[in-house]
Amino acid sequence: MSSTDQRPARPFGAVGTAMVTPLSADGHRVDLDAAQSLAAHVVEHGHDLVVVSGTTGEAPTLTDVEKIDLARAVVEAVGDEATVVAGVGTYDTAHSIDLARAHAEVGVDGLLVVTPYYSKPSQAGVVSHTTAIADSTDLPVMLYDIPGRAGIPLALETLLRLAENPRIVAVKDAKADLQQASLVMAQTDLVYYSGEDALNLPWLTLGAAGMVSVVSQIAGDIEREMVEAVDRSDLPAALEAHRRLVPVVEAIMNRMPGAVAAKAALHLQGVLPHAAMRGPHLPADATQLRELSAALDAAGLL
C-alpha cells in the first residue's frame, strides 16, 4: 500500500446498500425476480455489499421463510460479485439463532445483528444475546447500533467486550457518536460502516470502511465516487460528491420513512415496477412523489 493509499480494512466491502424488499403489487408476497434484478442493478452501479432483511428491507413484516428465500435469491443473483449480508437480529435470542443458522445454509457471507429492540435488555443481556448469535455459525457478524429504533445503544464497554469475539468484526453505526466510535476503532479491530446517509463522508474521513446506505441504491455511482475520492485523499472531490447527494438524502431520509422513499425513488427511476409497501408503511403520496422526483432530477438521477 502506497503512502497515499489509506484504504481501511473492508471485511464486507465499501459501498453497501440496505436493500428494499420488492413485493407483489398487492404487497402479499416477496417478488424474488424483482429482488434479483434490483441486486444486480445496485452491483452494476458501484456496490460491493448488499444487505437484505434490514430496516429498509421491511424485515419486521417478512416471515422467516420470506427472509430465507430472499437471501437465497440475492446470493444466486450477485453472490459472485458482491458480499451478501442478511439481517437476522430480533428481540428473541433463540429466534435470532435459528435465523442465523438458516441463512448460513443458503450461502450468505455475513450476518447483520441489530441490538434487541423493544425488549430493552441490560448491556449484559445485549452481550449475551449477541454473543450467542455470533457463536451459532462461522459467519462474520456486523453489529447494528441504532438506538432510535432499538430503544437502547451499544455502550462503549459493550462494544469493547463484543470486539473480543473473533466473529464480530464490524459495526453499522446509526447512532452518530463519532467520539465513541473513534475510541472503539483505536482500541479494537472492529471496522465501522456508516448507517446514516447524512454522515457518510464524516464517517469515511474518520476511518470507516464504507457505508450501508439507503440512498446508495438510488445513487450508488455517486457514493462510489465519494469512497474512491477519500481513498486517494482527494477531499475536494469527496466533498463535491457529498454535496451532490445532500438534497437526495434530505428527500429520501427526512421527508418520509426511508423504506417508503427508497421504493418510490427506485420506481421513479424505472428500477422497480411499483412501490408497494406492507403495513404499517404506506406508499408515498402525490406531494411526496413530486418533491422526491424534483430532488432526483436535480441530482441527475432520473
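Residues numbered from 1 in each chain as written. Predicted model: local features only at pLDDT ≥ 70, side-chain atom pairs only at ≥ 80, totals over all residues. Heavy atoms only, no water.

### Quick word on the UniProt feature "binding site: pyruvate" (unreviewed entry) in the protein
In this numbering, the UniProt entry assigns the feature "binding site: pyruvate" (unreviewed entry) to Thr56 and Val212. In summary, the annotated positions, though distributed over 157 residues, converge in three dimensions, the widest C-alpha pair being only 10.6 Å. Among the annotated residues just listed, those that line the largest pocket are Thr56 and Val212. Secondary-structure assignment places Thr56 in the loop between β2 (49-52) and α2 (64-78). Ignoring sequence-local partners within four residues, the contact set of Val212 consists of Gly16, Thr17, Ala18, Leu49, Val51, Met142, Lys172, Tyr193, Ser194 and Gly195. (UniProt positions renumbered as here; feature names shortened; annotations may be inferred. 1 Å grid on protein atoms, 1.4 Å probe; cavity = no way out; pocket = protein on both sides within 12 Å on 5 of 7 lines; lining within 4 Å. Helix = DSSP H or I, 4+ residues; strand = E, 2+ residues; numbered from the N terminus. Contact = heavy atoms within 4.5 Å.)

### Topic: the side chain of Thr115
Examined against the element boundaries, Thr115 turns out to sit in the loop between β4 (110-114) and α4 (123-134). Not counting residues up to four positions away in its chain, the partners in contact with Thr115 are Val126, Tyr144, Asp145, Ala150, Ile152 and Leu154.

### Regarding helix α10 (residues 235-253)
The largest bend in α10 is about 35 degrees, located at Leu245, with the proline Pro247 one to four residues further on. Contacts made by the buried residues of α10 are with α8 (200-205), α9 (216-231), α11 (258-268) and α12 (286-298). Two or three places before Ala237, at the start of α10, stands the capping residue Asp234, its side-chain oxygen 3.2 Å from that residue's backbone nitrogen. (Bend = angle between axes of the 7 residues up to and from the residue. Polar contact = N/O pair within 3.5 Å; in protein donor to acceptor, adjacent residues only side chain to side chain.)

### Quick notes on the pairing of strand β1 (residues 15-18)
Where burial is concerned, the two faces of β1 agree: the one with Val15 and Thr17 and the one with Gly16 and Ala18 are both buried. Sheet topology note: the β1/β2 ladder contains 3 bridges and is parallel. If you follow Ala18 over to β2, its bridge partner there is Val51. Between the parallel elements β1 and β2, the chain passes through helix α1 (residues 32-44) in a crossover that is right-handed. (Buried < 20%, exposed > 50% of the residue type's maximum accessible area, 1.4 Å probe, protein only. Pairing = 2+ DSSP bridges. Right-handed = clockwise from strand over helix to strand, strands pointing away.)

### Remarks on the nonpolar core
Val74, Val108, Tyr193 and Ile252 are the most contacted members of the largest nonpolar core, which has 102 residues in total. When near neighbours in sequence (up to four residues on either side) are disregarded, Val108 contacts Ala71, Val75, Val84, Ala86, His103 and Leu139. (Core = buried A, V, L, I, M, F, W, Y, C linked by side-chain atoms within 4.5 Å.)

### Observations concerning the UniProt feature "active site" (unreviewed entry) in the protein
The UniProt feature table records "active site" (unreviewed entry) at Tyr144 and Lys172. Taken along the chain, the residues just named run across 29 residues; in space they keep tight, none of their C-alpha pairs more than 4.8 Å apart. Of the annotated set, the members that line the largest pocket are Tyr144 and Lys172. With respect to the element layout, Tyr144 can be found in strand β5 (residues 141-145). Exposure remark for Tyr144: the relative accessible area of 5% places this residue in the buried category. Every residue in contact with Tyr144, bar those within four places of it in the chain, is listed here: Thr55, Leu112, Val113, Val114, Thr115, Lys172 and Ala174. Relative to the helices and strands, Lys172 resides in strand β6 (residues 168-173). Residue classification places Lys172 among the buried positions, given a relative accessible area of 5%.

### Points about the layout of surface pockets
Its boundaries defined by the atoms lining it, the largest pocket holds a volume of some 840 Å³. In this structure, the largest pocket is lined by 40 residues; those nearest its centre are Thr55, Thr56, Tyr144, Ile146 and Arg149. For the lining of the largest pocket, the elements supplying multiple residues, two or more each, are β4, α5 (147-150), β8 (210-213), α10 and α11. Sorting elements by how many residues they give to the lining of the largest pocket places β4 first, with 3 residues. Split into classes, the residues belonging to the lining of the largest pocket amount to 21 nonpolar, 12 polar and 7 charged. (Points joined across faces, edges and corners; volume = space filled by probe spheres on them. Nonpolar A, V, L, I, M, F, W, Y, C, P; charged D, E, K, R; others polar.)

### Describing empty space enclosed by the protein
Summed over the entire model, instances satisfying the criterion amount to 1 cavity of 30 Å³ or more. If you add up the space inside the largest cavity, you get close to 30 Å³. Lining the largest cavity, in full, are Pro22, Leu23, Lys263, Leu272, Pro273, His274 and Ala276. For the lining of the largest cavity, a count of residues per class yields 5 nonpolar, 1 polar and 1 charged.

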